[in-house]
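Examination of the molecular architecture
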Amino acid sequence: MSNLLDLVDQTFHRLEQAAGVGQCVWVYNRAVDIDGLRQFHQHLERGRLARRIERSPLPLGRHRWVSPRDQHEFEIAMPRPREEFDTWLDEQANIPLDAEHGPGWHLAVLPFTDGGAGVSFVVTHCLTDGIGGCLAIVEAACGYDYTINWPAAGSRPRWRALREDARQTVRDIPGIRRALVAAAAAARSARHRRRSAGSASSALSNPPASIAGADELVTLPTAAFFLDADEWDARAQSLGGTSNTLLAGLAARLAQRVGRVAADGSVALAIPVNERTADDTRANAVTMADITVNPALAATDLREIRDATKQALIRHREVPDERRTLLPLVPLLPQRLIRRMVGVATGGATNVVVASNIGAAPSAANRPDGTDAAHVALLSRYPGVTKAMMHQLGGLLVVHSARVDRQVFVSVLAYQPDGANSNDELRQHVSTALGDFSLTATTGWRAMSQSAPAQ
């Protein structure tokens, strides 16, 4: 089995903070089993996330997976009131993670002073995507150690590493040539679009120098909502759609409410498509299928979104993704240009909205201590990003969903340049969008102990 990094994974590694992290959150309304969490932690250390990235000694070489030398800490935090859970989750998401030097992930538990506890598992996207992270969690919860004998870090003598990586670079030359041709064509197309639009602005252009506090670190608002799975399915069916298209419709309505729309009022959705196989060692095994949605119709009829999604998936299977053609250039580009390739991860369109449905997860995904938690959700996070980076990207809107047993969660990460960008405002936007679909939900970690509906 080759330990060579896939080019998508090398791109994520070079994106640094812009690669983001995933945060899985569990809430228990009773005492959590600390010994069970310790066992979960130990299996994670022996699972599919037990690896590090080793740089090539060649400046333009491909990186490789190696076995880790360090161990991960299991953190038991001092008890806090439940209303401080959001703050604690932000703190956990900002713990430095490093797929090269470690740690690549972090597990922690926060006991609540009013009873119960919250659990956070944060992992860098350089190690896994949402599906891969779900697999790692389920395997650890089931006591399964997914072991691959990666080479030890530094095990290749320098002369051998230089020789092997030089040979790999030679094998990559045909792909590099195709990427150069594609990059030139993309540049010409971009210039034509800018001339047609009468503007030189672009999501991939440098942020304006006039941005106040451009180097200021920003915390991106998040929100998590929990719905009855039967109600979710019934609503999707009544609107002529599926669970996937209901999420897409919800994302489109939310985009409309926060102003993330095109000039004609349409919404560009990027839908991640899982390509992970049984023995896949890639960290990020997804590609994007792109559709354009009319959000005004989404809450009353999902058939248009369903048809557009079907056609996008057909195109995805039949037409190569042009964005991936550019990936062989990643090892060759200076770091200052790498962040302009963040569109490879988010779909590449201006004002893009990511709508990611993980699907039905095994029950074990909700049992980190060996017993069922009251709620589980997956959050996207981008710690360490600056205001300038967010303006360069044009903001973000990422909507995740999955089903665990009889519960569906919907989590949202959002940031609009020059917007209010608060958790409370985002929760209100999501609650209103859910109301557009006549859906009721529970939100707010404090409200969960009473299972109160979203207001």
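Residues numbered from 1 in each chain as written. Predicted model: local features only at pLDDT ≥ 70, side-chain atom pairs only at ≥ 80, totals over all residues. Heavy atoms only, no water.

Bringing the sheet that holds strand 7 (residues 222–228) into the picture now. Taken in spatial order, the 7 strands of this open sheet run 9-8-10-12-13-7-14, and their pairing is mixed. Bordering the open sheet on either side are strand 9 (286–293) and strand 14 (442–443), each of which pairs with just one other strand. The strands touched by helix 7 (residues 243–258) within the sheet are strand 8 (267–274), strand 9, strand 10 (353–361), strand 12 (396–404) and strand 13 (407–415), with strand 12 carrying the most contacts at an inclination of about 150°. Strands strand 8 and strand 9 of the sheet are contacted by helix 9 (residues 303–318), whose axis makes an angle of about 140° with strand 9. (Pairing = 2+ DSSP bridges. Helix = DSSP H or I, 4+ residues; strand = E, 2+ residues; numbered from the N terminus. Contact = heavy atoms within 4.5 Å. Axes fitted to C-alpha atoms, helices over the stretch in contact; angles between N-to-C directions.)

Now for unusual backbone geometry. Omega for the bond connecting Gly-102 with Pro-103 falls within 30 degrees of zero, at -10°, which places this linkage in the cis form. Here Pro-103 shows up in the loop between helix 3 (85–93) and strand 5 (105–111). For Ser-438, which is not glycine, the phi torsion reads 60° and is therefore positive. Residue placement: Ser-438 occurs in the loop between helix 14 (423–436) and strand 14.

Our next topic: the confidence of the model for the chain. Mean pLDDT over the chain: 88, with 90% of residues reaching 70 or higher. Note that residues 344–348 has pLDDT below 50 and, in this model, 15 contacts with residues that lie over four places away or in other chains. Taken together, the stretch residues 450–455 has pLDDT below 50 and engages in 13 contacts with residues farther than four places along the chain or on a different chain. (pLDDT = per-residue confidence, 0-100.)

Take empty space enclosed by the protein next. Tallying each qualifying case throughout the model produces 2 cavities of 30 Å³ or more. As a volume, the second largest cavity reaches approximately 60 Å³. Forming the boundary of the second largest cavity are Leu-7, Leu-60, Gly-61, Arg-62, Thr-169, Asp-172, Ile-176, Pro-328, Pro-331 and Leu-332. Top element by residues in the lining of the second largest cavity is helix 5 (residues 158–197). It accounts for 3 residues. A breakdown of the residues in the lining of the second largest cavity according to their chemical character gives 6 nonpolar, 2 polar and 2 charged. (1 Å grid on protein atoms, 1.4 Å probe; cavity = no way out; pocket = protein on both sides within 12 Å on 5 of 7 lines; lining within 4 Å. Points joined across faces, edges and corners; volume = space filled by probe spheres on them. Nonpolar A, V, L, I, M, F, W, Y, C, P; charged D, E, K, R; others polar.)

On to the pairing of strand 12, then. Most of strand 12 is tucked away: 9 of the 9 residues are buried. Pairing analysis gives 7 bridges linking strand 10 to strand 12, with the strands arranged parallel. The residue bridging Ala-361 from the neighbouring strand is Val-404, located in strand 12. Hairpin geometry of strand 12 and strand 13 is characterised by an intervening segment of 2 residues between the two adjacent antiparallel strands and by a positive phi of about 60° at Asp-405. (Buried < 20%, exposed > 50% of the residue type's maximum accessible area, 1.4 Å probe, protein only.)

Before going further, it helps to examine the state of the cysteines. The full count for this structure, using the stated rule, is 0 disulfides. With no disulfide partner, Cys-24 has as its closest neighbouring cysteine sulfur the one in Cys-134, 7.7 Å distant. Owing to a relative accessible area of 9%, Cys-24 belongs among the buried residues under this scheme. (Disulfide = S-S within 2.5 Å.)

On to helix 14, then. Residues spaced three or four apart along an α-helix point in a common direction, a consequence of the helix completing one turn every 3.6 residues. Here helix 14 spans 20 Å end to end across 14 residues, near enough to the 20 Å set by a 1.5 Å rise per residue. Of the positions making up helix 14, those classed as buried are Leu-426, Arg-427, Val-430, Ser-431, Ala-433 and Leu-434. Seen along its axis, helix 14 keeps its buried residues to an arc of 165°; they face one direction. Looking at the packing, one finds that the buried side of helix 14 touches helix 3, strand 7, helix 7, strand 13 and strand 14. Phi turns positive, to about 60°, at Ser-438, one or two residues after helix 14. (Expected span 1.5 Å × (residues − 1). Arc of directions from axis to C-beta.)

This paragraph deals with the sheet that holds strand 5. A sheet is described by the order of its strands in space; here 5 strands give the open sequence 4-5-6-1-11, paired in mixed fashion. The strands lining the two open edges of the sheet, one partner per strand, are strand 4 (74–76) and strand 11 (375–381). On average, each strand axis in the sheet is tilted by 15° relative to the strand beside it, whichever way the strands run. Where strand 4 and strand 5 come together, 3 bridges link them in parallel fashion. Bridge assignment links Phe-74 to a residue of strand 5, and that residue is Leu-107.

Moving on, we get to the nonpolar core. Counting residues in each nonpolar core, the largest one holds 59 residues, and the members touching the most others are Trp-26, Trp-105, Phe-121, Leu-220 and Met-390. No other element matches helix 4 (residues 130–141), which puts 5 residues into this core. Once you skip the residues sitting within four places of it in the chain, Trp-105 turns out to touch His-41, Leu-44, Glu-45, Leu-49, His-72, Leu-97, Phe-121, Val-122, Val-123 and Leu-127. Ranked by size, the runner-up nonpolar core spans 42 residues in total, among them Leu-246, Ala-251, Val-353 and Val-408. (Core = buried A, V, L, I, M, F, W, Y, C linked by side-chain atoms within 4.5 Å.)

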